[in-house]
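Per-entry structural report
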Amino acid sequence: MKPFIGKIFHSVSAATALMLGISKRVDYRTLNRYILEINMEDDIVSILRGASNCLKEILNYKLFAVAVQNEKGIDVWIDPNIYRKSFERMIEGDPAFVRGLPITYLNSDDEKIGHTAAFHKGNVISHELSGADFTAKLYIIPERRMLAYHSEIMGIVAQTINIALSNFLSIQRLSNAAAVDPLTRCYNRREFEKQISRHIANATRHKAPLSIFLMDLDHFRAVNDTYGHQAGDEVLKRVAQAIQGEIR
């Protein structure tokens, strides 16, 4: 009887090992495919969308979020957005971030939130990220049972996000030197047209809405004529600073 039970146990163990091996190969193929896609992206939204899709396919998460802190505030990608309120409370108490900074959501609109939900902080797995221009953190609550190799996959995804964000922000910093008007610190016309083309292409690709806001300064010529061009330059600087203080 004992040899028979031993054979059954051995067969079950072999079948389990085989299934785990197949699952691991499938997950790593998925990981490799998304890593290539993420490294090809050239903006923060597409980078985090790719990471979100990757871990959704592998772990079928309950919650995925990445918070990126820069000098202006904290940019957040979160899925699903019903956890926004709970997530805000969590990062407010997270020592990795400066308290009181404004939070901007990169992938969710207020009108899309039908209800809110809470999650338990003890179920959250996190990875810290950092670069020369940012501090960031990845948060996830997996729905799928975590296997031993999933921790390695999450670490690879976190590292991929970190490298992609560092490269993106470094390139952005260098290009800003040639793209920013020295007076107002806003994009010049050539860079503005480049950014518009890129955002239209991304909106078309991902079937996402895109809005453009235009404004004009009334009677600005009168400022130059009355007080001189130096005063006019100061007005432009102050207006640009006021606008930049209210947007991402």
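Attention here is on the structure that accompanies the text. (Residues numbered from 1 in each chain as written. Predicted model: local features only at pLDDT ≥ 70, side-chain atom pairs only at ≥ 80, totals over all residues. Heavy atoms only, no water.)

For the rest of this paragraph, the subject is the pairing of strand S1 (residues 63-69). Across the seven residues that make up S1, a large majority, seven, are buried. Judged by which residues are buried, S1 turns out to be covered on both faces: Leu63, Ala65, Ala67 and Gln69 on one side and Phe64, Val66 and Val68 on the other are all buried. Taken together, the seven bridges between S1 and strand S5 (residues 135-141) define a ladder with antiparallel strand orientation. Its bridge partner being in S5, valine 66 is matched across the sheet by leucine 138. The pairing of S1 with strand S2 (residues 74-79) spans six bridges and is antiparallel. Within S2, the residue paired with valine 68 across the bridge is aspartate 75. Taking the residues between adjacent antiparallel strands as the criterion, S1 and S2 are bridged by four residues. (Buried < 20%, exposed > 50% of the residue type's maximum accessible area, 1.4 Å probe, protein only. Helix = DSSP H or I, 4+ residues; strand = E, 2+ residues; numbered from the N terminus. Pairing = 2+ DSSP bridges.)

Quick look at the packing of aromatic side chains now. Aromatic ring pairs are defined here through the distance separating the ring centres and the angle between the ring planes. Scanning all chains against the criterion turns up four aromatic pairs. Between tyrosine 28 and tyrosine 149, the aromatic rings sit 6.0 Å apart at their centres with planes inclined by 40°, giving tilted as the arrangement. One end of the pair, tyrosine 28, is in helix H1 (residues 2-40); the other, tyrosine 149, is in helix H4 (residues 148-179), and 121 residues separate them in sequence. Tyrosine 149 shares its class with tyrosine 28; the two are buried. Measuring from centroid to centroid gives 5.1 Å for phenylalanine 87 and tyrosine 139, while their planes differ by 85°, and the two rings are edge-to-face. A residue pair is termed long-range when its members are at least 10 positions apart, and phenylalanine 87 in helix H3 (residues 84-92) and tyrosine 139 in strand S5 qualify at 52 residues. Just as phenylalanine 87 is buried, tyrosine 139 falls in that class too. Against the face of tyrosine 61 rests lysine 56, its NZ or CZ located 4.6 Å from the ring centre. Between arginine 84 and the ring centre of tyrosine 105, over which it is positioned, the NZ or CZ distance is 3.9 Å. (Phe/Tyr/Trp six-rings, centres within 6.5 Å; stacked < 30°, edge-to-face > 60°. Lys NZ or Arg CZ within 6 Å of the ring centre and 35° of its normal.)

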